[in-house]
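Okay, here's what each chain looks like letter by letter:
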Amino acid sequence: MRHRFKRTTLSVAAAQALVVWAAPAIAQTAAAPAADKKESQQLETVVVSGRRAALASAQKIKQESDEIVDSVNAEDIGKLPDRSVTEVLQRMVGVAMDRTQARSDPVHYSVEGSGVVIRGLTYVAAQLNGRETFSANQGRNLGFEDVPPELMGGVDVYKNPSAEQIEGAIAGLVNLRTALPFDYGGFKASGNLAMTYTQLNGKRSPQGSFLVSNTWQTDLGKFGALIDVAHSKSKLRTDTTTVDPYYPTTTTTNSVTTVNPDHRWYSRDLAWREQDYDRTRNGVYAALQWRKDNVESALTFFRSKFRSAMSEYAVKAEVDPYTINITDAEWGDNGLLRKGTLNSTTGGIEMENNARLSQRDSRTDDLSWNVRWRATPAWTLTADAQLVKSKTQSFDSNVATGIQLPKQTVDFTGSMPRIVYDAADIAFLDKPSNYYWATTMEALDHGKAQQKALRLDARYQFQDHPFLNDLRFGLRIADRDAQTYKAMPYYNWAAVTKAWETGWYIPDTARVTNYSVPTVVKSFNKFMGGKTTVPTMLFPDASVVQGFPNSYVQLHDLVKPLCDGMPGGSTCGWQGSNVNPYSWAPASYGDPSGVNDQHERTTAAFAQLRFAFDDLPMPVDGNVGLRVVNTKDRANGYTVIDQDAVPPGAGGVVVHPVKVDKVAGRFDQSFTDYLPSLNLRLKAQPDLQFRFALAKGLSRPSTGDMQATSKLKQSVQIEQNTGNVKSVSASGTSDGNPMLKPIKSTQADVTGEWYFSKTGAITVAAFDKELKDIIINQTYTTRLTAIDGTPVDFVVTGPTNGAKGHARGVEFAFRRYFDMLPGWLSGLGVEMNWTYVDSKLKRYNGVQTSFCSAGAGQDNLNLYVNGCDTDGSSFGGMPLPNLSRNTLNFTLMYDQGPLSARVAYSWRQRYLQGVALNSDNTGPNQQNALDTNPASATYGQHTLPLGLPLWGDSYGQLDVGMQYKFGSGLTVSLDALNLTNATSRQLMQQNIGTFVHNYFTSGRQYKLGMSYTF
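None of these values were measured; they are calculated from a predicted model. (Residues numbered from 1 in each chain as written. Predicted model: local features only at pLDDT ≥ 70, side-chain atom pairs only at ≥ 80, totals over all residues. Heavy atoms only, no water.)

**Notes on helix α7 (residues 550-557)**
This is how it is decided: Exposed residues in this analysis have more than 50% of their type's maximum accessible area, buried residues have under 20%, and partly exposed residues fall in between, with area computed by a 1.4 Å probe over protein chains only. Helical segments are the DSSP runs of H or I of at least four residues, strand segments are the runs of E of at least two, and each set is numbered from the N terminus. In this context, the arc is that of the directions from the helix axis out to the C-beta atoms. Here a residue-residue contact requires only that any non-hydrogen atoms of the pair lie within 4.5 Å.
Of the positions making up α7, those classed as buried are Ser551, Tyr552, Leu555 and His556. Taken end-on, α7 shows its buried residues confined to a sector of 130°, consistent with a single buried face. Where α7 is buried, its residues contact β24 (379-405), β27 (436-461), β29 (494-495), α6 (542-546) and α8 (559-562).

Printed below as a string of structure tokens:
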């Protein structure tokens, strides 16, 4: 009798004979029908019991799947010292973790991670039990850090798509699996409690989960019910030391600044911050299941709630680098400052002491219903309906005091840079009357998203056909609506009193000792884990930061009495200025330019044929299919036109004012994509097989990239001393592009897999992903007509399908237990994987010039394509962002009797995070790069935008987890995370070299837990 292999329909997780479905079409919905019982029995015979069961079942999923997939199951998740699904994913071959709060916010470190890349690419799709899922704040995808890992039955990562799978993944598809009542075959209950201690802040945080499941056999059929709840808190701290970019020493003559011939470079500032995170994650999963004869149905509900609050104390300089003088300097052989004392010609180095609260609440609900009917021995029909609702809201408040330091002494000679304060410096910092109220900034947003999806699938099983197994085909329709609302102005920065305003705008700063607004003395205890020290300073009290908007109104009212000292009466500055204290108003909802309103409908049909040539000397099986998907997008938005006010009677550069306006627009597009796929497997031996996969894939833009809002602004710079117009610039940003198309790929995979034991395997894979229509930031020109009829060109930056490229590489994975060793040594095992990826990015409209430009046009592409250094020179040859050439995971395992242990090390090579990111004075918000191009009209002026390439440095982390299982069902565990207390670093690339920009320290964590299974 011909042997027929079962592939994606069924896999077995071993701990409690767990049966879960890996195929997206019927994921988690039914047990194998009667005709498939023999196949499922054949699979069950290869599953071992005990401590190695999770590894064995994950290996079996990989071996028997139609597609190229890597898996980890619940029991092994519990053995790893991981706090989030993101951390679980990073240990899988080809997967690496981002360690920042967001890719757009690289200066805020995240201990638990904020996203993953697969094979070097960020185009990752997320599913829950084979269905699309997402978080409102993530736009199109799921925030893996939002999901409690305690609710997971397993995680699968598909590397190459098949026609049956929902489109959307180029890098890979992450499918989160949960269990159903029938998986346990009867009553099941388990619970766990744990406490985590964070060494750096000395705080403890609890977590716990509980699952109960049961089944009942009745005359109406078999019923089952399951509920799983999880709660965890995490209180973490991260310390950061920041080095500003290096500037060349210069000389200014007749308003022209030139670089000194000594070729010396200095950083204008050392900054630091302390961030405390308080994260709460709650999850509920419930399932009802019923089966009678050839019909089975399941109803599931999944809720994930996530709340993150970050409090931050950050100190940074607000000083023009061209006003810095350096004394007692020691210079290195490369011309870089090693030691020295910095002081400013403007009366002092202005420092801002920022106190910040940033919190976000998110919730995602997924309600799904599945019915499967085995109509005949040949036909199986499946219907699947899903409703996903997600919502989020965020509040971000930042208030700063200021102080002008007479000097700042810096020392870059040690392993970590530091600021040296003498007795006079300390005395100056300890005097409250030297501080003043400086700035406020707030940002508020909330959003919601909903998707309704209906899927109808059919499978026809060929009866006794020599090589055809089955034909699967189906239709899926999904409607998604997403709205995001921002209080405008978003990140509403406003000065209260700044040192650079005194004399021409206000007579003096608002000294904190003259007012009753509360402040707090902040000591940075054990800063950077004790590797360096920073001084105690005066910050806004937490009540001021949290008291928006009333506390903000109070602060801005402080300026009004100061105006009595200004010439001309009680008016500070000039009316209509964007920094006029009288004109300040809090950010508020209702401005239509703060609304991102989108709708998307996708209609997809697929057909997939599965076959097996089992009678060949080396059997070949696989699938071939085609997925056709039509996408209709609609976006509503506004183009907002703004202009800075000009002082009455101001001289200098002539301003041609434009009309302040808001123009509404609606954007519609529709397109169809054809996605063929082929997956082949050749079984050279029962334990040796090879795969070949070829497919076309797509990854849709995020809803953030597709919003239809543009902002154009005519900015006017005023000379501080004269009040005349210094310069005029017309620029803009497009928050999104509603006409973006998906990123597309043609991809091929070849693998070799040797399964030499039930828990041992060596696998090798080579892959090539050819990409087109990659979404990048592009600069273009939009022309408006000024009120006086003069044409004004605005240089606008926004996302476009503007590049092509590739990601090619190899993967290697090895796992085994050393069963051949005697006695207790036989419990030892190792698991390791290594991934190498090479990438290339080529823009359709590339540009490479030696210098950046302050004007409009093609030259300004350098800022976002290649970057702009502090001397106005540009870079080149930037790779795909977020791609590490090498990633490595190594785990030493021990499973013997009641003891289980893991020593896990994860390492990722350095990677480009982006060019001209908004990152601590390395991004385009800094307009102080020096124009050194002799052919430029702005030669000798330091008004060019700065945009350095920012890199995440290579980083490795060692974690340890141990479990001891008592015979009564009780298991006690102890985990240690970041055991070596590793420091993570970010690098800034400059033409004179690559230097550390940020040092991040989060310290060690220890977790003690216990679980009990009934």
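**Considering the pairing of strand β45 (residues 949-952)**
For clarity, the threshold we go by: Strand pairing is defined by DSSP finding a minimum of two bridges between the two strands.
Every second residue of β45 is oriented toward a common face, with Pro949 and Trp951 on one face and Leu950 and Gly952 on the other, all of them buried. As paired elements, strand β44 (residues 911-915) and β45 share four bridges and run antiparallel to each other. Opposite Tyr911, over in β45, you have Gly952 as the bridge partner. Here three bridges tie β45 to strand β48 (residues 983-990), and the two strands are oriented antiparallel to one another. Counterpart to Trp951 in the pairing with β48 is Leu987.

**Some words on empty space enclosed by the protein**
Condition: In this analysis a 1.4 Å probe is tested at points of a 1 Å grid over the protein atoms alone, and where it fits but cannot get out there is a cavity; an open set with protein on both sides within 12 Å along at least five of seven lines is a pocket; lining residues have an atom within 4 Å of a point. Grid points are joined across faces, edges and corners, and a volume is the space filled by probe spheres set on the points. Just so you know the grouping, Ala, Val, Leu, Ile, Met, Phe, Trp, Tyr, Cys and Pro go in nonpolar, Asp, Glu, Lys and Arg go in charged, and all remaining residues, Gly too, go in polar.
Per the stated rule, a full pass over the model turns up 19 cavities of 30 Å³ or more. In this structure, the second largest cavity spans a volume of roughly 250 Å³. As for the second largest cavity, its lining consists of 23 residues, and the residues nearest its centre are Met97, Arg99, Arg908, Tyr911 and Tyr955. Those elements that place two or more of their residues in the lining of the second largest cavity are β4 (95-98), β42 (886-896), β43 (899-908), β44, β46 (955-965) and β48. A class-by-class count of the residues in the lining of the second largest cavity yields nine nonpolar, 10 polar and four charged.

**Focus on the pairing of strand β37 (residues 725-734)**
Note that strand β36 (residues 710-718) and β37 share nine bridges and pair antiparallel. Within the sheet, the bridge partner assigned to Ile718 lies in β37 and is Val725.

**Structural notes on unusual backbone geometry**
The peptide bond linking Met488 to Pro489 adopts the cis configuration, its omega dihedral lying at 0°. The residue Pro489 is located in the loop between β28 (468-486) and β29 in this model. With an omega of 5°, the peptide bond between Phe548 and Pro549 qualifies as cis. At Lys526, a position not held by glycine, the phi torsion is positive, near 50°. On the secondary structure map, Lys526 appears in the loop between β30 (519-522) and β31 (537-540). You will see that Ala916, though not glycine, has its phi angle at about 60°, which is positive. With respect to the helices and strands, Ala916 occurs in the loop between β44 and β45.

**Observations concerning the sheet that holds strand β21 (residues 324-331)**
Filter applied, for reference: Every axis in this analysis is a line fitted to C-alpha atoms, fitted for helices over the stretch in contact. Angles between the N-to-C directions lie between 0 and 180 degrees.
Spatially, β21-β22-β25-β26 is the arrangement adopted by the four strands of the open sheet, whose pairing is antiparallel. Bordering the open sheet on either side are β21 and β26 (418-420), each of which pairs with just one other strand. Each adjacent strand pair in this sheet contributes to an overall mean axis angle of 25°, direction not counted. In this sheet, strand β22 (residues 337-344) lies alongside β21 in antiparallel orientation, the contact comprising six bridges. Looking at β22, one finds that Ile324 is bridged to Ser344.

**Looking at the packing of aromatic side chains**
Rules: Geometry of aromatic contacts follows a simple scheme: Phe, Tyr and Trp rings, the Trp one being its six-membered ring, pair when their centres are within 6.5 Å, and the pair is stacked under 30 degrees between planes, edge-to-face over 60, tilted otherwise.
Summed over all chains, the structure comprises 23 aromatic pairs. Ring centres of Phe395 and Phe548 lie 6.2 Å apart, and the angle between their planes is 40°; this geometry places the pair in the tilted category. Remark: Phe548 occurs in the loop between α6 and α7 and Phe395 occurs in strand β24; sequence separation between them is 153 residues. A relative accessible area of 15% places Phe548 in the buried class. Taken together, a centroid distance of 5.0 Å and an interplanar angle of 65° make the contact between Tyr1012 and Phe1014 edge-to-face. Given the relative accessible area of 33%, Tyr1012 is considered partly exposed. The class of Phe1014 is exposed, set by a relative accessible area of 56%. Every member of this aromatic cluster is reached through a ring pair, and the members are Trp272, Tyr313, Phe524, Phe527 and Phe539.

**Overview of the pattern of salt bridges**
Worth spelling out the cut-off: The salt bridge criterion pairs a side-chain nitrogen of Lys or Arg with a carboxyl oxygen of Asp or Glu, the two atoms within 4 Å.
Inspection of every chain in the model, using the stated rule, returns 54 salt bridges. In this structure, the salt-bridge partner of Arg177 is Asp156, at a minimum N-O distance of 2.6 Å. Placement of the pair is Arg177 in strand β11 (residues 172-177) and Asp156 in strand β10 (residues 154-158), with a sequence separation of 21 residues. The buried category is assigned to Arg177, whose relative accessible area is 1%. A salt bridge links Glu831 to Arg815; the shortest N-O distance between them is 2.9 Å.

**Focus: the sheet that holds strand β3 (residues 69-73)**
Strand order in the open sheet formed by five strands is β3-β10-β11-β8-β9, with mixed pairing between adjacent strands. Edge strands, defined here as strands with exactly one partner in the open sheet, are β3 and β9 (131-132).

**Observations concerning the state of the cysteines**
By definition, a disulfide links two cysteine residues through a covalent bond between their sulfur atoms. Here is the rule we go by: By disulfide we mean two sulfur atoms from cysteines, separated by a distance within 2.5 Å.
Taken as a whole and assessed by the stated rule, the structure comprises one disulfide. Disulfide pairing places Cys852 opposite Cys868 at an S-S distance of 2.0 Å. Disulfide Cys852-Cys868: torsion about the S-S bond near -105°, hence left-handed. Placement of the pair is Cys852 in the loop between β41 (828-843) and α9 (861-865) and Cys868 in the loop between α9 and β42, with a sequence separation of 16 residues.

**Structural notes on a nonpolar patch on the surface**
Put simply, the rule is: Like charges within 9 Å and nonpolar side chains (Val, Leu, Ile, Met, Phe, Trp, Tyr) within 5 Å are joined into patches, using only residues over 30% in relative accessible area that form no salt bridge. Note on areas: these come from Shrake-Rupley sampling with a 1.4 Å probe, and a residue is covered only by the protein chains present in the view.
Together, Leu193, Leu899, Met962, Tyr964, Phe966, Val972, Leu974, Leu1008 and Met1010 make up a nonpolar patch on the protein surface, roughly 790 Å² of accessible area in all. Elements supplying a minimum of two residues to the nonpolar patch: β46, β47 (970-977) and β50 (1005-1013). With respect to the helices and strands, Leu974 occurs in strand β47. On the basis of relative accessibility, which here comes to 40%, the residue Leu974 falls in the partly exposed class.

**Comments concerning the nonpolar core**
The test is simple: By nonpolar core is meant a set of buried Ala, Val, Leu, Ile, Met, Phe, Trp, Tyr and Cys residues that side-chain atoms within 4.5 Å join together.
Residues Tyr246, Trp272, Trp437, Phe524, Met537 and Leu555 are the most contacted members of the largest nonpolar core, which totals 78 residues. Residues in contact with Leu555, not counting those within four places in the same chain, are Val399, Trp437, Thr440, Val496, Val517 and Val544. Core analysis: the second largest hydrophobic core is formed by 48 residues, Ala230, Tyr285, Ala287 and Ala298 among them.

**Regarding the environment of Arg281**
Tracing the backbone through its elements, the reader meets Arg281 in strand β19 (residues 270-292). The spatial distance from the C-alpha of Arg281 to the C-alpha of Glu145 is 9.0 Å, given a sequence separation of 136 residues.

**As for the environment of Tyr246**
Secondary-structure assignment places Tyr246 in strand β15 (residues 246-248). Considering only alpha carbons, one finds Tyr246 and Asp464, 218 residues apart in sequence, at a separation of 74 Å. The contacts of Tyr246, once residues within four sequence positions are left out, are Trp265, Tyr266, Ser267, Leu336, Phe412, Thr870, Met988, Gln990, Ile992 and Phe995.

**Details of the confidence of the model for the chain**
In plain terms, the rule: Here pLDDT means the predictor's own confidence in every residue, given as a number from 0 to 100.
The predicted model of the chain averages 86 in pLDDT, with 91% of residues at 70 or higher. In the model, residues 1-51 has pLDDT below 50 throughout and makes 153 contacts with residues more than four positions away in sequence or in other chains. The low-confidence segment residues 574-579 (pLDDT under 50) makes 16 contacts with residues lying over four places distant or belonging to another chain.

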